[in-house]
Amino acid sequence: MPNISRQQRATNACTNCRKKHVKCSEETICTYCASHNLKCIYVNLVKKRGPKAANRPANVFEIIID
Ligand SMILES: [Zn+2]
Ligand SMILES: [Zn+2]
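Parameters at a glance
- Residues numbered from 1 in each chain as written.
- Chains lettered and ligands numbered in written order.
- Predicted model: local features only at pLDDT ≥ 70, side-chain atom pairs only at ≥ 80, totals over all residues.
- Heavy atoms only, no water.
- UniProt positions renumbered as here; feature names shortened; annotations may be inferred.
- Helix = DSSP H or I, 4+ residues; strand = E, 2+ residues; numbered from the N terminus.
- Donors = N, O, S within 2.8 Å, 3.2 Å for Na, K, Ca; no water.
- Buried < 20%, exposed > 50% of the residue type's maximum accessible area, 1.4 Å probe, protein only.
- Core = buried A, V, L, I, M, F, W, Y, C linked by side-chain atoms within 4.5 Å.
- Contact = heavy atoms within 4.5 Å.

Undergrad: In this structure, what is going on with the UniProt feature "domain: Zn(2)-C6 fungal-type" (unreviewed entry) in the protein? I would like to understand it.
TA: If you check UniProt for "domain: Zn(2)-C6 fungal-type" (unreviewed entry), the listed places come out as residues 13-42 in our numbering. The annotated region residues 13-42 carries 40% helix and 0% strand content, and the separation between its end C-alpha atoms amounts to 7 Å.

Undergrad: Just to check I follow, could you spell out the coordination of the zinc ion (ligand 2) for this structure?
TA: Octahedral metals with six donors have ideal donor angles of 90 or 180 degrees. Tetrahedral metals with four donors have an ideal donor angle of 109.5 degrees. Within the protein, Cys14 (SG), Cys30 (SG), Cys33 (SG) and Cys40 (SG) serve as the donor atoms for the zinc ion (ligand 2), at 2.2 to 2.4 Å. Read in sequence order, the donor residues for the zinc ion (ligand 2) give the motif C-x15-C-x2-C-x6-C. In this model, the zinc ion (ligand 2) sits 2.9 Å from the zinc ion (ligand 1), the two metals being bridged by cysteine 14. Pair noted here: cysteine 30 is in the loop between helix H1 (15-20) and helix H2 (31-36) and cysteine 40 is in the segment after H2, with a separation of 10 residues, a long-range link.

Undergrad: It is not clear to me how the environment of leucine 38 should be interpreted in this structure. Could you clarify?
TA: Tracing the backbone shows leucine 38 in the segment after H2. For leucine 38, a relative accessible area of 36% translates into the label partly exposed. Each C-alpha atom of the pair leucine 38 and asparagine 16 lies 7.9 Å from the other, and the pair is 22 residues apart in sequence.

Undergrad: What is the right way to read the coordination of the zinc ion (ligand 1) from this model?
TA: At the metal site, the zinc ion (ligand 1) is ligated by Cys14 (SG), Cys17 (SG), Cys24 (SG) and Cys30 (SG), and these contacts range over 2.2 to 2.4 Å. When the donors of the zinc ion (ligand 1) are listed by position in the chain, the intervening gaps give C-x2-C-x6-C-x5-C.

Undergrad: Looking at this model, I keep getting lost on the nonpolar core. Mind explaining?
TA: Looking at soluble globular proteins, one finds that nonpolar side chains tend to be buried together. Ala13, Cys14, Cys17, Cys24, Cys30, Tyr32, Cys33 and Cys40 together form the largest nonpolar core, which totals 8 residues. Not counting residues within four places of it along the chain, the set of residues in contact with cysteine 30 comprises Cys14, Cys17, Cys24, Ser25, Cys40 and Tyr42.

Okay, here's the thing in C-alpha coordinates:
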(Lines give C-alpha, C1' and ligand atoms only; values in the text may rest on other atoms or scores of the structure.)
(Ligands and ions follow the chains in the order given, each with its own letter.)
Protein backbone atom coordinates (compact mmCIF):
# COMPACT_ATOMS: atom_id res chain seq x y z
CA MET A 1 0.00 0.00 0.00
CA PRO A 2 1.61 3.23 -1.06
CA ASN A 3 1.85 5.88 1.56
CA ILE A 4 0.09 8.80 -0.02
CA SER A 5 0.60 12.05 1.78
CA ARG A 6 -2.30 13.12 3.88
CA GLN A 7 -2.26 16.58 2.41
CA GLN A 8 -5.33 17.14 0.35
CA ARG A 9 -4.28 18.15 -3.10
CA ALA A 10 -7.34 19.44 -4.73
CA THR A 11 -6.78 21.42 -7.85
CA ASN A 12 -4.98 24.36 -6.41
CA ALA A 13 -4.15 26.90 -9.02
CA CYS A 14 -2.00 29.83 -8.08
CA THR A 15 -3.59 33.22 -7.71
CA ASN A 16 -2.58 34.38 -11.20
CA CYS A 17 -3.87 31.30 -12.96
CA ARG A 18 -7.05 31.49 -10.98
CA LYS A 19 -7.55 35.09 -12.00
CA LYS A 20 -6.84 34.36 -15.64
CA HIS A 21 -8.67 31.04 -15.64
CA VAL A 22 -5.74 29.24 -17.12
CA LYS A 23 -4.49 25.81 -16.21
CA CYS A 24 -1.90 26.00 -13.48
CA SER A 25 1.01 23.60 -13.54
CA GLU A 26 1.00 23.80 -9.73
CA GLU A 27 4.72 24.02 -9.41
CA THR A 28 6.60 26.23 -7.01
CA ILE A 29 6.65 28.72 -9.81
CA CYS A 30 4.10 27.56 -12.30
CA THR A 31 4.52 27.70 -16.05
CA TYR A 32 2.18 30.63 -16.45
CA CYS A 33 3.87 32.77 -13.82
CA ALA A 34 7.30 31.81 -15.06
CA SER A 35 6.51 32.80 -18.61
CA HIS A 36 4.85 36.04 -17.51
CA ASN A 37 7.41 36.89 -14.88
CA LEU A 38 4.81 36.93 -12.16
CA LYS A 39 4.99 36.08 -8.52
CA CYS A 40 3.51 32.65 -8.09
CA ILE A 41 1.43 32.57 -4.97
CA TYR A 42 -0.71 29.74 -3.71
CA VAL A 43 -3.45 30.39 -1.24
CA ASN A 44 -4.82 27.58 0.82
CA LEU A 45 -8.54 27.71 0.73
CA VAL A 46 -9.89 26.27 3.92
CA LYS A 47 -13.57 25.80 3.81
CA LYS A 48 -13.96 25.02 7.48
CA ARG A 49 -15.95 27.66 9.20
CA GLY A 50 -15.91 28.95 12.70
CA PRO A 51 -13.22 28.98 15.36
CA LYS A 52 -11.78 25.86 16.97
CA ALA A 53 -13.40 26.81 20.26
CA ALA A 54 -16.78 25.89 18.84
CA ASN A 55 -16.25 22.31 19.97
CA ARG A 56 -15.87 23.24 23.62
CA PRO A 57 -18.43 21.90 26.03
CA ALA A 58 -21.01 24.28 27.33
CA ASN A 59 -19.97 23.98 30.94
CA VAL A 60 -16.70 25.83 30.66
CA PHE A 61 -18.14 28.98 32.08
CA GLU A 62 -17.42 29.48 35.73
CA ILE A 63 -20.12 31.21 37.60
CA ILE A 64 -18.96 32.51 40.90
CA ILE A 65 -21.55 33.99 43.12
CA ASP A 66 -20.63 35.56 46.41
ZN1 LIG B 1 -0.33 28.99 -11.90
ZN1 LIG C 1 1.74 30.68 -10.72
